[in-house]
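Residue-level listing of the chains:
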There are 4 protein chains.
Amino acid sequence: MARPSDPNKKKKIVIAAIATFAQKGYSATTIAEVAEAAGIGKGTIYEYFRSKEDLFFATFERLILDTEHEMDKVSESVVGSASLRLEAMANTILSTWLANLNLYGLVLEFWSATAAAPSRDRFRAAFKAAYADMRAVVASLIREGMKDDEFHADVDPVKVASALIGSWDALMLQAWLDPDFDVLGTSQTHIDVLLAGLRHNIVAGET
Amino acid sequence: MARPSDPNKKKKIVIAAIATFAQKGYSATTIAEVAEAAGIGKGTIYEYFRSKEDLFFATFERLILDTEHEMDKVSESVVGSASLRLEAMANTILSTWLANLNLYGLVLEFWSATAAAPSRDRFRAAFKAAYADMRAVVASLIREGMKDDEFHADVDPVKVASALIGSWDALMLQAWLDPDFDVLGTSQTHIDVLLAGLRHNIVAGET
Amino acid sequence: MARPSDPNKKKKIVIAAIATFAQKGYSATTIAEVAEAAGIGKGTIYEYFRSKEDLFFATFERLILDTEHEMDKVSESVVGSASLRLEAMANTILSTWLANLNLYGLVLEFWSATAAAPSRDRFRAAFKAAYADMRAVVASLIREGMKDDEFHADVDPVKVASALIGSWDALMLQAWLDPDFDVLGTSQTHIDVLLAGLRHNIVAGET
Amino acid sequence: MARPSDPNKKKKIVIAAIATFAQKGYSATTIAEVAEAAGIGKGTIYEYFRSKEDLFFATFERLILDTEHEMDKVSESVVGSASLRLEAMANTILSTWLANLNLYGLVLEFWSATAAAPSRDRFRAAFKAAYADMRAVVASLIREGMKDDEFHADVDPVKVASALIGSWDALMLQAWLDPDFDVLGTSQTHIDVLLAGLRHNIVAGET
DNA sequence: CATGAATGAGGCTTCATTCAT
DNA sequence: GATGAATGAAGCCTCATTCAT
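Residues numbered from 1 in each chain as written. Chains lettered and ligands numbered in written order. Predicted model: local features only at pLDDT ≥ 70, side-chain atom pairs only at ≥ 80, totals over all residues.

**Q** Please provide a residue-by-residue account of the overall build of chain A, values included.
**A** Per the secondary structure count, chain A includes nine helices and zero strands. Taken across its 207 residues, chain A has 42% of its residues classed as buried. (Helix = DSSP H or I, 4+ residues; strand = E, 2+ residues; numbered from the N terminus. Buried ≥ 20, exposed ≤ 12 C-beta atoms within 10 Å, placed from the backbone.)

So this is what it looks like as structure tokens:
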């Protein structure tokens, strides 16, 4: 008469793991700490995850999913010109991330994990997919602006999206390094300039 | 002094450490491996570095210095319009980084190290300083463009520089994740749009 | 609790540690040796003791407790004149110690530990307390002899007790150095002379 | 044309070693520290001593010799009754030792060394010899008192000497453990009682 | 299913000793 | 003879993982 596996137990562990990994980093975090944070026994974790690395990957997946969910909500709810929607997207994403700046250390850990064997490819692929998703969303916004004749620049929307998302990523890094860094202001300036560029023709000879 | 002791022994160790850390990550790298890569005994490393972490920080410092050196060379050698010089800067930096893409994993490790105790502040401060340096160089290029009436946008040069540098950083990350990612093309598009924006007035009502 | 875990595991480890430390000395003893002697895994020791030094201190405490227990038994069971009881105490203590002469090396190690950082004060305080205990027991025996007019010498019982106990200690040392040393005979002579002195007035002019 | 070995260099090293060993204990002392204290290079020590243990033994020998030298001076210079000479001996020895109480930690180390292989027998034999020497000196003082009819007790002088010396040893230990311990007072009481006992017949039936 | 006691591989670090200069 | 850079053996300790209850 085994008690049915509590479906929330796994989630509970991941929550505890996110907090602990974010605070201390992957290597420095011990399974015992995660177990204690989750209020369960050490061995129980191994009932739900094959290994420490497995648990790590699970926390990664959850964060990725949460972010994508956030992006979907934004792109569905905001209306108006492409410029407006892009700005809204930027602000929402950055605000959300800023509100969870403490998680950024965890993202850094994930990136770092892509460098270290043996799960390198696993993390790398997941990251790549997540970026591709974000890119697609942003690029489609830009493409809409072009279709509506709001943007005249003849550029590859995907490339602009890449750079834009990249700048968000990097702004977060700088905020992580320096709590006084003006993320939203810098982002505003960047997107202002970028949108101004998109609204005009880019004369080849000018560059 | 007894055996003259290779005056470059310390440098030799750092070189070996860079290669090893980059390949396997900080945690996964053992002192024994670094020693072997350097062709010396395990104990010798401790003649030059107090601890594994100290060695790690030394590799970090060296890479930072090398990059700054590279930037200085570029900003001194390239002439022409601000747009041209910015593009040259972007291309040079990115090309240099691309050529050492394998080191990017190491940078990820460094970032990650800023999250993990106990050297957190040490790395964080060094990173912050390095970014400030880069920002200053790029911002001064933008400022020159404004002085020469090449750029009309009324924006904070430092903020644009932040976003620009951030995008380089993030493009490298994506290249690291995906070897097929078009770093230079994306950068070109991004800087084209950005420069186009800088050359025009940014009408407040337009955003 | 999972495996019930031998409730005496900690004691078992201490026993093994006593034997190993006594035989090889503190520095020369490795945790691996103690673990093997205890028939357990290396890591298990760290479930019960924070460090090698902690284990060492635990062995020390146990030996101290055992000796005090021995003294209590003697002082409670022997009856008769103070002289008789003091002699009985001396003989019992020395016999007990002689029977465990192999432990004396361990006591030397403890003494030595009081000299070496960083646990110096810990051991020193414990030793001091143990000596104070023994002193109190012996001094009270002498004091009883004075109350009963068996001893006429006007001396500080505590000082005599100190010297007496000290002589036992030192006799053990000499036995440890020289297996042929006549501990009990020497002690007998010493206590005979000492008791004879206690039974007479000590004329100041005579000294 | 090798410079002749500085005959004082060896002595200089031993002096430095005594200070260092006494302060930090044998294990905790590194050859590098001794070398630095002696103001010479690490390697130089190995020109004069085969190993760290050899150096340790040399410091031991020197301390033993110094103490014996001290005893000889006392036994030659003091005149008067046997009681007086014994008291003088006790006071001189204890005062000398007290003045160098910091060296006592080193003696403890030596004792401890007799417990730990592999030089066990070497130290043990030297200690045994040193005690035999001291015993002989003290016993001869007692024997003189018997010959002069100052002492009437029919006891073995060597046994009394053993106990007496042992008590000195142990008093030092207690002083080492407790800086407030009254060494000289306790010794005075002890020797008073002991001498009183020696001056009287010890009636067998009395014990 | 849950637990946590037990385990042992493996890492960092120390330091006595060597030996080229 | 003097030196100290180089070495590597060896030890303490951590912690992911297992498994008996």
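**Q** Could you give an account of helix α4 (residues 52–77) of chain B, naming the residues involved and the relevant values?
**A** Residues lying three or four places apart along an α-helix face the same way, a consequence of the helix completing one turn every 3.6 residues. With 26 residues, α4 of chain B extends 38 Å from end C-alpha to end C-alpha; this agrees with the ideal 38 Å at 1.5 Å per step. Residues of α4 of chain B that are buried: Leu-55, Phe-56, Thr-59 and Phe-60 of chain B. (Expected span 1.5 Å × (residues − 1).)

**Q** How would you sum up the interface of chain C and chain D? Please name residues and give values.
**A** Opposite the 50 residues of chain C that make contact, chain D presents 50 residues. Of all the elements, helix α8 (residues 157–177) of chain C adds the most residues to the side of chain C that touches chain D, at 12 residues. Residue composition of the side of chain C that touches chain D, grouped by class: 22 nonpolar, 17 polar and 11 charged. (Contact = placed C-beta atoms within 7 Å. Nonpolar A, V, L, I, M, F, W, Y, C, P; charged D, E, K, R; others polar.)

**Q** Which residues make up the relation of the copies chain C and chain D, and what are the values?
**A** Expressed as a screw transformation, the operator carrying chain C onto chain D has a rotation angle of 179° and an axial translation of 0.1 Å, and the superposed copies differ by an RMSD of 0.1 Å. Accordingly, the operation relating the two chain copies is best matched by a two-fold axis. Residue Gly-197 of chain C, judged by its C-alpha, is the member of chain C lying nearest the rotation axis, at 1.8 Å. (Least-squares fit on C-alpha atoms with pLDDT ≥ 70 in both.)

**Q** Please give an account of the environment of Leu-194 of chain D that cites residues and values.
**A** By secondary structure assignment, the location of Leu-194 of chain D is in helix α9 (residues 183–199). A count of 28 C-beta atoms within 10 Å places Leu-194 of chain D in the buried class. Taking the C-alpha atoms as reference points, Leu-194 of chain D and Val-160 of chain D, 34 residues apart in sequence, are found 8.9 Å from one another. Not counting residues up to four positions away in its chain, the partners in contact with Leu-194 of chain D are Val-193, Leu-194 and Gly-197 of chain C together with Leu-164 of chain D.

**Q** Provide a residue-level description of the environment of Glu-33 of chain A, including the pertinent values.
**A** Residue and element names in this part refer to chain A. With respect to the helices and strands, the residue Glu-33 is situated in helix α2 (residues 31–38). Classification of Glu-33 as partly exposed rests on a count of 18 C-beta atoms within 10 Å. For the pair formed by Glu-33 and Ala-16, sequence separation is 17 residues and the distance between their alpha carbons is 9.0 Å.

**Q** An account of helix α7 (residues 120–147) of chain A is requested, with residue identities and associated values reported.
**A** Residue and element names in this part refer to chain A. Spanning 28 residues, α7 covers 40 Å between terminal C-alpha atoms, matching the ideal 40 Å at 1.5 Å per step. Within α7 the residues assigned to the buried category are Phe-123, Phe-127, Tyr-131, Met-134, Arg-135, Val-138, Leu-141, Ile-142 and Gly-145. Backbone geometry just after α7 places Asp-149 at a positive phi near 65°.

**Q** Could you give me a rundown of the arrangement of the chains, with the residues and numbers involved?
**A** Across the gap from chain A to chain C, with no contact made, the nearest C-alpha atoms are 10 Å apart. Where chain B comes nearest to chain C, the C-alpha atoms are still 22 Å apart, and the two do not contact one another.

**Q** Talk me through the relation of the copies chain B and chain A; I want residue IDs and the actual numbers.
**A** Least-squares fitting of chain B to chain A yields an RMSD of 0.1 Å, with the superposition described by an axial translation of 0.0 Å and a rotation of 180°. Here 100% of the interface residues in chain B have copies in chain A that are interface residues too; the copies meet face to matching face.

**Q** Report on the environment of Glu-36 of chain D, specifying residues and quantitative values.
**A** Residues and elements named next belong to chain D. Within the element layout of this structure, Glu-36 appears in helix α2 (residues 31–38). Glu-36 sits in the partly exposed class, given 14 other C-beta atoms within 10 Å. Remark: the alpha-carbon pair of Glu-36 and Met-146, spanning 110 residues in sequence, is separated by 53 Å.

**Q** Account for the packing of α8 of chain C against α9 of chain D, naming residues and giving values.
**A** Working note: a packed helix pair is described by the angle between its axes plus the distance between those axes. Orientation of α8 of chain C relative to α9 of chain D, taken along the N-to-C sense of each, is 85°, at an axis distance of 8 Å. Between α8 of chain C and α9 of chain D, the interaxial angle falls into the category roughly perpendicular. Contact with α8 of chain C, carried on its side by Lys-159, Val-160, Ser-162 and Ala-163 of chain C, involves Gly-185, Thr-186, Thr-189, His-190 and Val-193 of chain D of α9 of chain D and no other residues of that element. (Axes fitted to C-alpha atoms, helices over the stretch in contact; angles between N-to-C directions. Parallel < 35°, antiparallel > 145°, perpendicular 65-115°, else oblique.)

**Q** Could you give an account of the confidence of the model for chain A, with specific residues and numbers?
**A** Confidence in the prediction for chain A averages 85 pLDDT; 91% of positions are at 70 or higher. Taken element by element, chain A is modelled with least confidence in helix α6 (residues 101–115) of chain A, mean pLDDT 73, and with most confidence in α2 of chain A, mean pLDDT 96. (pLDDT = per-residue confidence, 0-100.)

**Q** Give me the interface of chain B and chain A: which residues, what numbers.
**A** Between chain B and chain A, the contact holds 51 residues from the first and 51 residues from the second. Here the residues of the side of chain B that touches chain A sort into 22 nonpolar, 17 polar and 12 charged.

**Q** Before we move on, could you go through the packing of α4 of chain B against helix α5 (residues 82–99) of chain B and cite the residues and values that matter?
**A** All names here are of chain B. Two elements in contact, α4 and α5, have axes separated by 10 Å at closest approach and are oriented at 150°. Regarding the angle of α4 to α5, the classification is roughly antiparallel. Considering the relative orientation of α4 and α5, their crossing is right-handed. Contacts between α4 and α5 involve Glu-70, Met-71, Val-74 and Ser-75 from the first element and Ala-88, Met-89, Thr-92, Ile-93 and Thr-96 from the second. In terms of residue class, the contact of α4 with α5 is built from five nonpolar, three polar and one charged. (Left-handed = near helix turned anticlockwise from the far one by under 90°.)

**Q** Describe unusual backbone geometry, and please don't skip the residues or the numbers.
**A** The backbone of Asp-149 of chain C sits at a positive phi, close to 65°, despite the residue not being glycine. Along the polypeptide, Asp-149 of chain C turns up in the loop between α7 (120–147) and α8.

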